[in-house]
Amino acid sequence: MANSASPEDNIVSISNLSFSRGPRKIFDGISLDIQRGKITAIMGPSGTGKTTLLKLIGGQLAPDRGQIHVDGQNVHRLSTKDLYALRKRMGMLFQSGALLTDMNVYNNVAFPLREHTHLPESMIRSLVLMKLQAVGLRGARHLMPNELSGGMARRVALARAIALDPLMIMYDEPFTGQDPISMGALVHLIKSLNTTLSLTSIIVSHDVQETAAIADYIYVLSEGKIIGQGSPQELQQSDSAWVQQFMHGDADGPVHFHYPAADYLDDLLSSK
Amino acid sequence: MLQFLQNLGKTTRSSFAKLGRASFFLTHTLAGINEVLARPNLLFKQMYSVGVLSFLIITISGLFVGMVLGLQGFNILSDFGAEESLGVMVAASLVRELGPVVAALLFAGRAGSALTAEIGLMKATEQLSGMEMMAVDPIKRIISPRFMAGFISMPLLAALFSAIGIMGGHMVGVGMLGVDDGAFWSQMQASIDFQEDIINGMLKSVVFGFVVSWIALFEGYDAIPTSEGVSRATTRTVVNSAFSVLALDFILTALMFGDI
Ligand SMILES: Nc1ncnc2c1ncn2[C@@H]1O[C@H](COP(=O)(O)OP(=O)(O)OP(=O)(O)O)[C@@H](O)[C@H]1O
Ligand SMILES: [Mg+2]
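Residues numbered from 1 in each chain as written. Chains lettered and ligands numbered in written order. Predicted model: local features only at pLDDT ≥ 70, side-chain atom pairs only at ≥ 80, totals over all residues. Heavy atoms only, no water.

### Some thoughts on the overall build of chain B
Along its length, chain B carries 10 helices and zero strands. In sequence order, the secondary structure elements of chain B are arranged as α-α-α-α-α-α-α-α-α-α. Referenced to the eigenvectors of the C-alpha coordinate spread, the extents of chain B come out at roughly 65 × 55 × 30 Å. For chain B, with 260 residues in total, the buried portion stands at 46%. (Helix = DSSP H or I, 4+ residues; strand = E, 2+ residues; numbered from the N terminus. Buried < 20%, exposed > 50% of the residue type's maximum accessible area, 1.4 Å probe, protein only.)

### What to know about the coordination of the magnesium ion (ligand 2)
All names here are of chain A. Protein coordination at the magnesium ion (ligand 2) comes from Thr51 (OG1) and Gln95 (OE1), with a distance range of 1.9 to 2.4 Å. Residue Thr51 is located in helix 1 (residues 50-57), and its partner Gln95 is located in the loop between strand 6 (90-93) and helix 3 (105-116); the two are separated by 44 residues in the primary sequence. According to the relative accessible area criterion, Gln95 is partly exposed, its value standing at 35%. (Donors = N, O, S within 2.8 Å, 3.2 Å for Na, K, Ca; no water.)

### Observations regarding the packing of helix 5 (residues 86-124) of chain B against helix 8 (residues 181-191) of chain B
Residue and element names in this part refer to chain B. Across the interface, helix 5 lies against helix 8 with an axial gap of 7 Å and an inter-helix angle of 50 degrees. Considering the angle they form, helix 5 stands oblique to helix 8. Crossing of helix 5 against helix 8: the hand is right-handed. Facing Leu86, Gly87, Val88 and Ala91 of helix 5, the residues of helix 8 in contact are Phe184, Gln187, Met188 and Ser191. (Axes fitted to C-alpha atoms, helices over the stretch in contact; angles between N-to-C directions. Parallel < 35°, antiparallel > 145°, perpendicular 65-115°, else oblique. Left-handed = near helix turned anticlockwise from the far one by under 90°. Contact = heavy atoms within 4.5 Å.)

### Re the confidence of the model for chain B
For chain B, mean pLDDT is 91; residues scoring 70 or higher make up 99% of the total. For this predicted complex, the interface score ipTM comes out at 0.81, alongside a pTM of 0.86. (pLDDT = per-residue confidence, 0-100.)

### Thoughts on the sheet that holds strand 1 (residues 10-21) of chain A
Residue and element names in this part refer to chain A. The sheet built from four strands is open, its strands ordered 2-1-4-5 with antiparallel pairing. This sheet does not close on itself; its edge strands, each paired only once, are strand 2 (24-35) and strand 5 (73-74). Against the sheet, helix 1 contacts strand 1, strand 2 and strand 4 (65-70), and its axis sits at roughly 120 degrees relative to strand 1. (Pairing = 2+ DSSP bridges.)

### Comments concerning the site of ligand 1
All names here are of chain A. Neighbouring residues of ligand 1: 14 residues in total, closest Ser46, Lys50, Thr51, Thr52 and Gln95. In this structure, Arg21 approaches ligand 1 through a side-chain N or O atom, which is 3.5 Å from a nitrogen atom. Residue Ser46 places a side-chain N or O atom 2.5 Å away from an oxygen atom belonging to ligand 1. Relative to its free-state accessible area of 640 Å², ligand 1 is covered by the protein chains to the extent of 64%. Partitioned by chemical class, the residues of the shell around ligand 1 number two nonpolar, eight polar and four charged. (Near = heavy atom within 4 Å. Polar contact = N/O pair within 3.5 Å; in protein donor to acceptor, adjacent residues only side chain to side chain. Areas by Shrake-Rupley, 256 points an atom, 1.4 Å probe, with all protein chains shown as cover. Nonpolar A, V, L, I, M, F, W, Y, C, P; charged D, E, K, R; others polar.)

### Looking at the side chain of Glu219 of chain B
Residue and element names in this part refer to chain B. Relative to the helices and strands, Glu219 resides in helix 9 (residues 194-221). The class of Glu219 is buried, set by a relative accessible area of 3%. Engagement of the side chain of Glu219 in a polar contact is seen with the side chain of Arg236, the distance being 2.9 Å. Those residues in contact with Glu219 that sit more than four places away from it in its chain are Lys18, Thr116, Ala233, Arg236, Thr237 and Asn240.

### Looking at the environment of Ile162 of chain A
Residues and elements named next belong to chain A. Mapping Ile162 onto the fold places it in the loop between helix 5 (150-161) and strand 7 (168-172). Sequence-wise, Ile162 and Ala62 are 100 residues apart; in three dimensions their C-alpha atoms are separated by 25 Å. Contact partners of Ile162, with chain neighbours within four places excluded, come to Lys131, Ile169 and Leu193.

### A closer look at the interface of chain B and chain A
Contact with chain B, which involves 16 residues of that partner, is made by 22 residues of chain A. Regarding the contact of chain B and chain A, the summed buried area is about 1,700 Å², with carbon and sulfur atoms giving 55% of it. Counting across the chain B and chain A interface gives four salt bridges. Here Lys55 of chain A ties to Glu126 of chain B by a salt bridge, and the two come within 3.1 Å at their closest N and O atoms. Counting every contact that joins chain B to chain A gives nine residue pairs in polar contact (both at pLDDT 80 or more). Looking at the side of chain B that touches chain A, the elements with two or more residues in it are helix 6 (127-133) and helix 7 (138-176) of chain B. Among the elements that make up the side of chain B that touches chain A, the one with the highest residue count is helix 6 of chain B (six residues). Class assignment of the residues belonging to the side of chain B that touches chain A gives a composition of six nonpolar, four polar and six charged. (Buried area = accessible area lost by both parts, 1.4 Å probe. Salt bridge = Lys/Arg side-chain N within 4 Å of Asp/Glu carboxyl O.)

### Let's talk about the packing of aromatic side chains
All names here are of chain B. All told, the structure shown has eight aromatic pairs over all chains when counted by the stated rule. Note on Phe147 and Phe151: the rings are 6.3 Å apart at their centroids and 5 degrees apart in plane angle, and the pair reads as stacked. Residue Phe147 and its partner Phe151 are located together in helix 7, separated by four residues, close to a single helical turn. According to the relative accessible area criterion, Phe151 is partly exposed, its value standing at 31%. Aromatic side chains Phe147 and Phe210 sit 5.2 Å apart centroid to centroid with 85 degrees between the ring planes, which places their arrangement in the edge-to-face category. Remark: Phe210 occurs in helix 9 and Phe147 occurs in helix 7; sequence separation between them is 63 residues. Among the residues examined, Phe147 registers a relative accessible area of 3% and is labelled buried. Taken together through their ring pairs, the aromatic side chains of Phe147, Phe151, Phe210 and Trp214 make up a single cluster. (Phe/Tyr/Trp six-rings, centres within 6.5 Å; stacked < 30°, edge-to-face > 60°.)

### Some remarks on the pairing of strand 4 of chain A
Residue and element names in this part refer to chain A. Where strand 1 and strand 4 come together, five bridges link them in antiparallel fashion. Bridge pairing in strand 4 places Val12 opposite Val70. Note that strand 4 and strand 5 share two bridges and pair antiparallel. In the sheet register, His69 faces strand 5, and the bridge partner there is Asn74. The hairpin turn running from strand 4 into strand 5, its antiparallel successor, is two residues long, and Asp71 in that turn takes a positive phi close to 50 degrees.

See below:
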């Protein structure tokens with residue numbers, strides 16, 4: 001179990017984290033650890049705050065309470081300079097891709113290399129082509145972001161996220177919008193990156209089957225709490241109704257499909 | 001009444017908060033200027049889209065404004081038999097006032113709105129936070145070069161506007177209305193003072209360039225990251241820039257030319 005590992009084995013360690021958006025509590029005192037070298041999945045219904053959690057880990061948002069340590073450093077106590085140094089070692093794949101729209105695919109992948117290294121252009125070219133080959137888009141290198149499909153854009157963003165060979169990569173919904181073939185290739189890619197580059201991967205995903213196939217450990221979030229955790233096998237056999245519902249995708253159960261709201265009938269009948 | 005006071009308080013507080021964010025933004029932007037100087041390519045690219053692409057609108061508007069000045073000036077001056085002073089009148093109005101002010105207003109409409117929309121959309125599509133996660137400071141990488149490009153382009157565009165405007169005035173006055181060519185130029189040379197007129201006019205456009213670029217970039221950066229938010233921010237850029245330019249113009253004119 002991840003929690004029983006010694007602290008040095010945890011690349012990310014979150015303790016007692018609380019975070020609110022306005023009056024809405026997104027996290028209510030959660031604690032979790034991400035073990036070094038492993039693939040950890042974070043799952044949960046849409047709108048529970050998975051993207052928010054990644055942004056907290058990356059230091060783009062600050063928690064109301066609690067701490068987040070990444071590689072031994074308290075993310076929210078770092079100076080801007082140290083935070084930026086830490087971020088060079090973290091890759092993040094945004095849900096939307098977040099490609100720079102004024103550059104083509106090639107230059108997007110080259111961007112972090114050009115910003116942070118002084119490598120000669122020939123070396124950059126080889127690196128970029130290697131990363132693009134890995135995501136199957138070497139042939140698309142002259143396209144502009146607006147000429148890519150959503151799934152392709154996400155794969156380019158993945159190539160960019162691994163350009164600097166980070167210690168840890170956070171994938172926000174890497175599988176959404178992928179056809180079965182590129183999905184299979186991506187699952188394989190994430191797994192092999194993790195072993196060959198001895199990375200740590202955090203995957204946020206709704207695709208239970210694909211994620212369970214490669215994850216070493218899974219956290220299930222709902223309504224600001226961790227409602228289940230364990231290896232995929234442990235979760236499949238969990239006797240918690242919440243986890244069962246999530247792992248099997250049932251619409252009915254303790255986890256609600258709806259954003260918190262007033263009673264439906266009252267809402268329809270009331271005039272406001 | 002109580003409601004009104006409450007709203008007033010809220011508005012005041014949020015305006016002050018915005019002013020604070022804008023000042024912080026400006027300091028951060030200025031701190032990035034060093035890095036821009038170290039990578040002039042970033043600056044040249046922005047000089048092109050902010051400055052060079054504004055050439056056409058500045059040239060055409062300058063020409064028409066100059067031609068109108070020629071016509072109106074001739075009408076008034078000929079009543080006093082002073083047509084020969086047309087050159088002075090056209091040049092002084094352009095160099096002192098119309099050049100810097102109208103060029104700044106056009107610049108806000110042409111380049112400022114484009115900057116706001118560009119930055120706002122970059123924010124809405126998470127390009128700015130994507131950069132942050134790649135450990136690239138978006139203010140230094142994206143905002144500072146654009147700020148500097150605007151700041152440098154504005155005086156050049158204002159000078160271009162005045163020069164073309166004088167030619168427009170000459171075209172109408174000398175070419176069409178028969179003012180003496182030699183008198184047009186010699187009177188202008190005799191009366192337009194380098195320090196008093198040209199330097200002061202330049203100074204104005206430097207200030208306007210600073211303020212318009214600041215407003216445009218800040219509104220984009222501070223925009224609510226949705227299509228509606230970006231569209232509102234773009235409008236605010238044009239409106240706030242126009243107000244600021246006109247108000248500052250009065251203040252600067254009072255300081256430079258008035259004996260207040
Ligand atoms: N900028 C924001 N301002 C206010 N509330 C926000 C903002 N961004 C997100 N939220 C709220 O925070 C909650 C969590 O959002 P988040 O994007 O982290 O969800 P998620 O788990 O990633 O969902 P999904 O699986 O759909 O991507 C949502 O309920 C949303 O309403
Ligand atoms: Mg999300």
